[in-house]
Amino acid sequence: MKFFKKLLIVSVAVVVASGCKKLDIAPTDKFSDLTFWQVDANVYNALNNNYSLIYNSGLYFDAEAISDNAYSPSGDLNIIASGNATSQTGKFEGDWRNYYAAIKSCNIFLANIDKNKTLPPATIARLIAETRFIRAFEHFNLTKWYGDVPIVDHDGTPEEAQTIGRSPKAEVIKFVIDELEAAAAALPSKDAIPASENGRITKGAALALEARVLLYQGDRMADVVSICEKLMNDQGTNGNYSLETSYSALFSDPTINKTTNESILSLQYVPTRRTWQNFWDFAPRTVGGRVSNMAPTQELVDDYIMLNGKSIKETGSGYVETNPYINRDPRLTATVVYDRYNWVNGDNTSKTIYIKPGTDPVQPGLDEYSAGSQAASATAYYWRKYYDPGAQANFVSGNNLHLIRYAEILLDYAEAKQSLGQMDATVWNKTISALRSRAGFTDAGALSYPGNADMTNIIRRERRVELAMEGIRADDIRRWKTAETVMNGYIHGAKFSSDQGTDNGYIRVQLRKFDKNRDYLWAIPAHDTQLNNNLGQNPGYTK
């Protein structure tokens, strides 16, 4: 927002200096709000500012810790997950502010872009479409967390900000869908743009986000199917997308991470120039991690099926509790670090990660579980997914973070088809079987259509493990209304104890509470309700 602060300062200076003169006379020695937009480079700088505000690595990863996928000891994440949040909780205010700051930046852009007279009309139309996409994305994020929220479709005055009311969620969703459809009509497919523009918002991204938005509503599954099919079948117009050969390379290989045809929309990072560092607090300490600030749960680990396609609790699965990580879904090893994990570095050297207390040959064992430790993992698991072998010191990474992947489209399609009663072998082979095949499954029991099995739960479990650590799980358990089950009671870590009395020996990590009458929505921040009485408050929270 630095540019807009400078713009405001220049504008005020123009008004003060002009006295009684006409206020539409622009200075000739500096940019003003009248001249800034006439310079093409400035327009692109403003667009890039909007891109920089669309999302960030904190929002991306933090959502895992307010789901049953992960535990974080950190302040607000811990407070929300344990059911102790209030309207004063900092994350509620911070996220609200971030989303509306991005919306304001987009509205300033849209209000001023017509002042540029040198860029071709088609270019202007594309820039407007990209900005409308970002504005729609921010409104969608707001309504999925807060429910009814103000629709801000223009750059309003401070007075408006203190009086605007909330629109019903249905109206917000309609606004989002209308914006995405308008954007899609004006955006190019990813195959129609040069490699130098890789990462810009495309027609495929607008369609994919629309599919996600509609899927989350639950009552327009036929539309979800139609949109997904545009991306799965009509690739000549909407972009050529496909599954990457290697699951782990999507997140770790610097070249594949940035060029893969699986990425529909990613947060763009550039080594040394724009980077993220969250992994420093995800990795084992013996390979360079700092502290374990977000750790995978046993509940997540348990949802990775066996290579024969059976769940670990299913008869005939072959699961061995004393050797729990063998013959499991290969995505487990690509995602989670467990005891005796073979950590492979970027130079192909490797290291065994010892997590069970007292087992590391080098003592003190930095990665070993220790109850109450402020540094080692509280669950006895660490993250592997998004490890960047080319990262700078302290895991400063320039790899992209994938917001929407083609894999999600396949999962959306499978879920929508199942909801409509249209799941069959053909759909299965295009979606779940394809994802498992890419992951490394070869057994027919995992790849073949299971017929009368509990397909809804199979698809939900597949979605969980495929998209783990990508910020989707918190959305899913809320829209499925399963948060009231999976976010109530203890979450657990690995089993190191032979004590069968307390949770069968699995580590008790945190007692979580989720009030179904309150916690499906976040509180409108107290600071904002105090400034604007028209905002009101969500049920169960005080102003």
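What you see is a predicted model; the values in this text were computed from it and never measured.

J.: I keep staring at the nonpolar core and nothing clicks. Help me out?
T.: Taken as a class, soluble globular proteins show a tendency for nonpolar side chains to be buried jointly. Ranked by size, the top nonpolar core spans 140 residues in total, and within it Y55, F61, F133, Y146, F279 and W383 carry the most contacts. If one sorts the elements of this core by residue count, helix α6 (residues 121-146) sits on top with eleven residues. Sequence-distant contacts of F133, defined by excluding residues within four places in its chain, comprise I54, L180, A183, I201, A205, A206, L209 and L265. Counting residues in each nonpolar core, the second largest holds six residues, with A81, A483, M487 and Y520 among its members.

J.: What is the right way to read the environment of I151 from this model?
T.: In this fold, I151 is placed in the loop between α6 and α7 (158-161). Between the C-alpha atom of I151 and that of I79, which follows or precedes it by 72 residues, the distance is 29 Å. The residues contacting I151, other than those within four sequence positions of it, are H139, I164, S167, E171, V172 and F175.

J.: Hey, could you run me through the environment of Y60 in this one?
T.: Relative to the helices and strands, Y60 is located in helix α3 (residues 57-65). When its relative accessible area of 2% is taken as the criterion, Y60 is described as buried. Counting along the chain gives 411 residues from Y60 to G471, while the straight-line C-alpha distance between them is 5.4 Å. Contacts of Y60, omitting those with residues within four sequence positions, involve Y55, Y386, L401, H402, L403, M469, E470 and G471. A polar contact of 2.9 Å, which involves the side chain of Y60, links it to the side chain of Y386.

J.: Got a minute to help me understand the side chain of N107 in this structure?
T.: Along the chain, the position of N107 falls in helix α5 (residues 90-112). For N107, a relative accessible area of 2% puts it in the buried group. A distance of 3.2 Å separates a polar atom in the side chain of N107 from the backbone oxygen of V152. With residues near it in sequence (within four places) discarded, N107 still touches R135, V152, D153, H154 and D155.

J.: How should helix α8 (residues 169-186) be read in this particular structure?
T.: Each full turn of the α-helix corresponds to 3.6 residues, which orients residues three or four apart in the same direction. End to end, α8 covers 26 Å across 18 residues, agreeing with the expected 26 Å (1.5 Å per residue, within 8%). What α8 keeps buried is the set V172, I173, F175, V176, I177, E179, L180, A183 and A184. At its buried positions, α8 is contacted by α6 and α9 (203-217).

J.: What's the story with the packing of α5 against α6 in this structure? I'm lost.
T.: The axes of two packed helices give the description: the angle between them and the distance between them. Orientation of α5 relative to α6, taken along the N-to-C sense of each, is 160 degrees, at an axis distance of 9 Å. As summarised for this structure, α5 and α6 are arranged roughly antiparallel, according to the angle between their axes. Both α5 and α6 take part in a crossing whose hand is left-handed. Residue composition of the contact of α5 with α6, grouped by class: 15 nonpolar, five polar and five charged.

J.: Is there a simple way to explain the pairing of strand β2 (residues 263-267) in this structure?
T.: Successive side chains on a regular strand alternate, one facing one side of the sheet and the next facing the other. Within β2, five of the five residues are buried, leaving the element largely enclosed by the surrounding structure. Here β2 pairs with strand β8 (residues 401-405) via four bridges, running antiparallel. Looking at β8, one finds that L267 is bridged to L401.

J.: Would you explain the packing of α8 against α9 in this entry?
T.: Packing of α8 against α9 brings their axes to within 8 Å, and their N-to-C directions diverge by 160 degrees. In terms of their interaxial angle, α8 and α9 are classed as roughly antiparallel. Our pair here, α8 against α9, has a crossing hand that is left-handed. In this structure, α8 contributes K169, I173, V176, I177, L180, E181, A184 and A185 to the contact, and α9 contributes K203, A206, L209, E210, V213, L214 and Q217.

J.: Before we go on, may I ask you to explain α9 in this structure?
T.: Counted at 1.5 Å a residue, the expected span for α9 with its 15 residues is 21 Å, and the 22 Å between its end C-alpha atoms agrees. Just downstream of α9 lies G218, where phi reads positive at about 85 degrees.

Rules used in this analysis
Residues numbered from 1 in each chain as written. Predicted model: local features only at pLDDT ≥ 70, side-chain atom pairs only at ≥ 80, totals over all residues. Heavy atoms only, no water. Core = buried A, V, L, I, M, F, W, Y, C linked by side-chain atoms within 4.5 Å. Buried < 20%, exposed > 50% of the residue type's maximum accessible area, 1.4 Å probe, protein only. Helix = DSSP H or I, 4+ residues; strand = E, 2+ residues; numbered from the N terminus. Contact = heavy atoms within 4.5 Å. Polar contact = N/O pair within 3.5 Å; in protein donor to acceptor, adjacent residues only side chain to side chain. Expected span 1.5 Å × (residues − 1). Axes fitted to C-alpha atoms, helices over the stretch in contact; angles between N-to-C directions. Parallel < 35°, antiparallel > 145°, perpendicular 65-115°, else oblique. Left-handed = near helix turned anticlockwise from the far one by under 90°. Nonpolar A, V, L, I, M, F, W, Y, C, P; charged D, E, K, R; others polar. Pairing = 2+ DSSP bridges.

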